[in-house]
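Each chain, letter by letter, is given below.
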Amino acid sequence: MADLTRLYAHEMSRLLRGGEVSSRELTEAHLAAAERQNRALNAWLAIYRDDALAQADAADARIAKARRAGAAALAALHPLCGVPVGLKDLVSVKGGQATAGSKILAGYIAPFDSTVTARLRDAGAAILGKTNMDEFAMGSSTEHSAYGPTANPWDLTRVPGGSSGGSAAVVAAYHAPVSIGTDTGGSIRQPASMCGIVGLKPTYGRVSRYGIVAFASSLDQIGPFARDARDAALLLHAVSGRDERDATSAPIPVPPELLSLPESDDEAAGYLKGRRIALPREYFVEGMEAGVAARVREAVAAIEAAGAAVEEVSLPHTHYGLATYYIIAPAECSSNLARYDGVKYGFADRSSGEFIADYLRTRGAGFGPEVKRRIMLGTYALSAGYYDAYYLKAQKVRTLIKADFDAIWAAGFDAICAPTSPTVAFPFGARLEDPVAMYLLDACTLPVNMAGLPGVSIPAGLSEGLPVGLQIIGAPWSELAMLRLARAYEAITARATWRALEPAELQLTDDPTTPSPVERRRRNAGAPATGSGGQS
Amino acid sequence: MAKLSRADVEHVAHLARLGLTEEEMARLEGQLNHILDQYAILTTLDTEKIPPTAQTIELANILRDDAVTPSLSTDDALANAPERSGNHFVVPAILGGEGGA
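None of these values were measured; they are calculated from a predicted model.

A.B. asks: Is there a simple way to think about the overall build of chain A in this case?
C.D. replies: Scanning chain A from N- to C-terminus turns up 18 helices and eleven strands. Against the globule reference of 24 Å for 536 residues, chain A gives a C-alpha radius of gyration of 22 Å, in line with a compact fold. Counting only C-alpha atoms, chain A reaches 65 × 55 × 50 Å along its principal axes. In chain A, which comprises 536 residues, the share counted as buried stands at 63%. Taking as baseline every contact in chain A between residues at least 6 positions apart, the subset at least 24 positions apart corresponds to 77%.

A.B. asks: Help me understand the overall build of chain B in this model?
C.D. replies: For chain B, the count of helices and strands is three helices and two strands. Element order for chain B, N to C, with α for helix and β for strand: α-α-α-β-β. Its C-alpha atoms give chain B a radius of gyration of 23 Å, more than 25% over the compact-globule value 13 Å for 101 residues. If one aligns the C-alpha atoms of chain B with their principal axes, the spans along those axes are about 55 × 45 × 25 Å. Buried positions account for 18% of the 101 residues belonging to chain B.

A.B. asks: Could you clarify how one ought to interpret the confidence of the model for chain B in this entry?
C.D. replies: Parts of the model with low pLDDT should not have their predicted coordinates read in detail. Confidence in the prediction of chain B, expressed as mean pLDDT, is 89, and 92% of residues score 70 or more. Both confidence scores are given for the complex: pTM 0.96, ipTM 0.92.

A.B. asks: What is the right way to read helix 5 (residues 115-123) of chain A from this model?
C.D. replies: Residues that lie three or four places apart on an α-helix share one face, since the helix turns once every 3.6 residues. Residues and elements named next belong to chain A. Along helix 5, seven of the nine residues are buried, which leaves the element largely enclosed by surrounding structure. Burial in helix 5 covers these residues: Thr115, Val116, Thr117, Ala118, Arg119, Leu120 and Ala123. Packed against the buried residues of helix 5 are strand 2 (84-88), strand 3 (126-131), strand 4 (178-183), strand 6 (221-226) and helix 8 (229-239). Directly beyond the C-terminal end of helix 5, a positive phi value near 100 degrees is found at Gly124.

A.B. asks: Where do I start with the sheet that holds strand 7 (residues 276-280) of chain A in this structure?
C.D. replies: Two strands in a sheet stick together by hydrogen bonds in their backbones, pointing the same way (parallel) or opposite ways (antiparallel). All names here are of chain A. What the eleven strands build is an open sheet, ordered 1-3-2-4-6-5-10-11-9-7-8; its pairing is mixed. The sheet is open, and its two borders are formed by strand 1 (44-47) and strand 8 (309-313), each paired with just one other strand. Mean inter-strand twist for the sheet, computed between neighbouring axes without regard to direction, equals 30 degrees. As judged from the five bridges shared by strand 7 and strand 8, these two strands associate in the parallel manner. Note on strand 8: the bridge partner recorded for Pro280 is Val313. Helix 17 (residues 479-492) rests against strand 5 (198-201), strand 9 (415-419), strand 10 (455-463) and strand 11 (466-473) of the sheet, and its axis sits at about 15 degrees to strand 10.

A.B. asks: Help me understand the interface of chain A and chain B, please; the structure alone is not making it clear to me.
C.D. replies: The parts lose accessible area when they come together, and the size of an interface is often stated as this lost area. Facing 59 residues of chain A, the contacting portion of chain B comprises 47 residues. Looking at the side of chain A that touches chain B, the elements with two or more residues in it are helix 11 (321-336), helix 12 (355-366), helix 13 (369-382), helix 14 (388-410) and helix 15 (435-439) of chain A. For the side of chain A that touches chain B, the leading source of residues is helix 14 of chain A, giving twelve residues. Residues belonging to the side of chain A that touches chain B are distributed by class as follows: 34 nonpolar, twelve polar and 13 charged.

A.B. asks: I keep staring at the pairing of strand 5 of chain A and nothing clicks. Help me out?
C.D. replies: If a strand is regular, its side chains alternate between the two faces of the sheet. Residue and element names in this part refer to chain A. Burial along strand 5 is two-sided: the residues Val198 and Leu200 and Gly199 and Lys201 are all buried. Pairing of strand 5 with strand 6 involves two bridges; the strand directions are antiparallel. Within the sheet, the bridge partner assigned to Val198 lies in strand 6 and is Ala226. Across three bridges, the pairing between strand 5 and strand 10 is antiparallel. Bridge assignment links Gly199 to a residue of strand 10, and that residue is Ser457.

A.B. asks: Would you mind showing me how to read the packing of helix 11 of chain A against helix 13 of chain A here?
C.D. replies: A pair of packed helices can be characterised by two numbers: the angle between their axes and the separation between those axes. Residues and elements named next belong to chain A. Interaxial distance between helix 11 and helix 13 falls to 7 Å at its minimum, and their mutual angle equals 95 degrees. On the basis of the axis angle, helix 11 is roughly perpendicular to helix 13. Between helix 11 and helix 13, the residues in contact are Ile327, Pro330, Ala331, Glu332, Cys333 and Ser334 and Arg374, Ile375, Leu377, Gly378, Thr379, Ala381 and Leu382, respectively. Residue classes in the contact of helix 11 with helix 13 are distributed as eight nonpolar, three polar and two charged.

A.B. asks: Please explain the domain arrangement of chain A as it appears in this structure.
C.D. replies: All names here are of chain A. For chain A, the domain assignment lists domain 1 (8-260 + 272-319 + 398-523) and domain 2 (320-386). Placing a centre on the C-alpha atoms of domain 1 and another on those of domain 2 gives a separation of 28 Å. Counting residues at the interface gives 32 residues for domain 1, matched by 23 residues for domain 2. Looking at the side of domain 1 that touches domain 2, the elements that each hand over two or more residues are helix 14, helix 15 and helix 16 (446-450). Sorting elements by how many residues they give to the side of domain 1 that touches domain 2 places helix 16 first, with three residues. Tallied by class, residues from the side of domain 1 that touches domain 2 come to 19 nonpolar, ten polar and three charged.

A.B. asks: Mind showing me how you'd approach the pairing of strand 4 of chain A here?
C.D. replies: Residue and element names in this part refer to chain A. By the criterion of burial, strand 4 is predominantly enclosed, with six of the six residues buried. Residues of strand 4 alternate between two faces, with Val178, Ile180 and Thr182 on one and Ser179, Gly181 and Asp183 on the opposite face, all of them buried. Here strand 2 pairs with strand 4 via three bridges, running parallel. Considered in strand 4, the bridge of Leu87 is made with Ile180. Strand direction decides the pairing type here: strand 4 and strand 6, joined by six bridges, are antiparallel.

A.B. asks: How do you make sense of helix 11 of chain A when you look at a structure like this?
C.D. replies: Between its terminal C-alpha atoms helix 11 of chain A stretches 22 Å, which fits the 22 Å expected from 16 residues at 1.5 Å a residue. Judged by how many residues are buried, helix 11 of chain A sits mostly within the fold: 14 of 16 residues are covered.

A.B. asks: What's the story with the environment of Asp220 of chain A in this structure? I'm lost.
C.D. replies: Residues and elements named next belong to chain A. Considering the arrangement of structural elements, one finds Asp220 in the loop between strand 5 and strand 6. Separated by 229 residues in the primary sequence, Asp220 and Asn449 place their C-alpha atoms 7.8 Å from one another. If we ignore the near neighbours within four places in the chain, the residues touching Asp220 are Thr182, Thr184, Arg209, Ala214 and Phe215.

Calculation notes
- Residues numbered from 1 in each chain as written.
- Chains lettered and ligands numbered in written order.
- Predicted model: local features only at pLDDT ≥ 70, side-chain atom pairs only at ≥ 80, totals over all residues.
- Helix = DSSP H or I, 4+ residues; strand = E, 2+ residues; numbered from the N terminus.
- Rg over C-alpha atoms; globule rule 2.2 N^0.38 Å.
- Buried ≥ 20, exposed ≤ 12 C-beta atoms within 10 Å, placed from the backbone.
- Contact = placed C-beta atoms within 7 Å.
- pLDDT = per-residue confidence, 0-100.
- Pairing = 2+ DSSP bridges.
- Axes fitted to C-alpha atoms, helices over the stretch in contact; angles between N-to-C directions.
- Nonpolar A, V, L, I, M, F, W, Y, C, P; charged D, E, K, R; others polar.
- Parallel < 35°, antiparallel > 145°, perpendicular 65-115°, else oblique.
- Domains from an automatic or database assignment.
- Expected span 1.5 Å × (residues − 1).

What follows is the structure, encoded as structure tokens:
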């Protein structure tokens, strides 16, 4: 059989059920790629070889038993049974690390499984390991990881996006067909865009957050990375749905049709006929690269040519999104991160013997520069005398931003199409000096979080050899419709030359002389290790 | 909008219980003011009659039976503690010192 790492999860599922491949073979192939290439990518913070193989063997046993029991038993298995997955290192896996990319959680061992982990175990997935990320999911480049940056497989001198940069890079590099990330202001969609893969942020409340390290609780949501829409749908299906351990998870049914997106391109493309697509003019923001705007407009033109009606619309409060987000998210982060007090878990410095001084030392040494900056912003915005001017004001503007989207759904549109990121992947260090420049990268993704909506980024070709993402935004709970649209776009571009390309510098990661991202940073002397950086 | 002074930075850092070096304070003063300048755009919007949004999905209260369910064992809950004494977390002494703000 050809290289097992190039298979989609839905293909693995079919081969596993047919007895043509074992989960152990699949898992071994992916582990080998991850172990061989991680030095050059730094995308994995932990690789769980033994546990993953044990889970693979258990899946093989389940599949064999189901095969003996007959077609109904085989059909009852989740399609991800036996499929390898990666998890962002803020998802709790019992007995494993959960650093959230921070020094303050170095050495922490999760005492329980997150609900996402438990559901993946139920489905029969093999958990390969934990992926790199910006500290506490605060950043747009993965350069704010306390464990060094992750390289982009398309160009090893560039960032993979962030904050879920590791989860995006491992899927782009064929170390896993699917992975889990989190998205507070674009942290799934933006790295998916920069790594040339699919990344979906579900509706707020769709996926339980029990056992996930919190950043901004009115915005955080968990979602899948994959190399096509069908695989993203499978992973979304596996982890979605009401969980009594997370009161913000919604009692909304999970559509079973997520498991049967059309295989045939003709059938998939037929979905576009008669759909109404909104193209918001404010999303073609100042500073957007011409190549990005061109790819997005070409993608929308192709969707229109296949039978959808595209209308330019206005989301008039888009321009206020950045300021609103960078008040609300830091305010919530300053509150959430108050728990890192050096008492219950995590790093503690008790050398002063005086409790305030110990707090200051513990938190001063445990948090990195971007996290400190956001805690400072949030504490200030919530402090006496400034609450009304900043936090309350931002919450009111949030109402206006949400109302812009509500008007689009009320007008009968099926979805909004927009760019995901205003730029392609940028070189390490390029935006570390100016926090506002980094924050501007989130302009097209963070309004979606503030309105609680689902959004998916899908590959839409290349600009100067680097991937560009098309963002599809939907009404609440419309993930199935969005993924059908994404699948339709894949169908109408199935023969595009760029679809056949693998990440341009992936082969270099097999070369032991290729520098690691940390070595690159050291060589780029002059670029300070501190700095700033975007979203989440 | 307001301008953060060096004393404000020190005050907010103390409120947030963040021990910052002189160099970090100096850098943050400039960066935070630059970010606060971006917030000024919000003052151009009249929001007098607009209600705030704290959460986006209209969920009613979610209730459950008041029943005992399995939870972490004491040992599991204490396993990550920097300092433990028997079945307790050891916390820093809060009396006799400078006292909280």
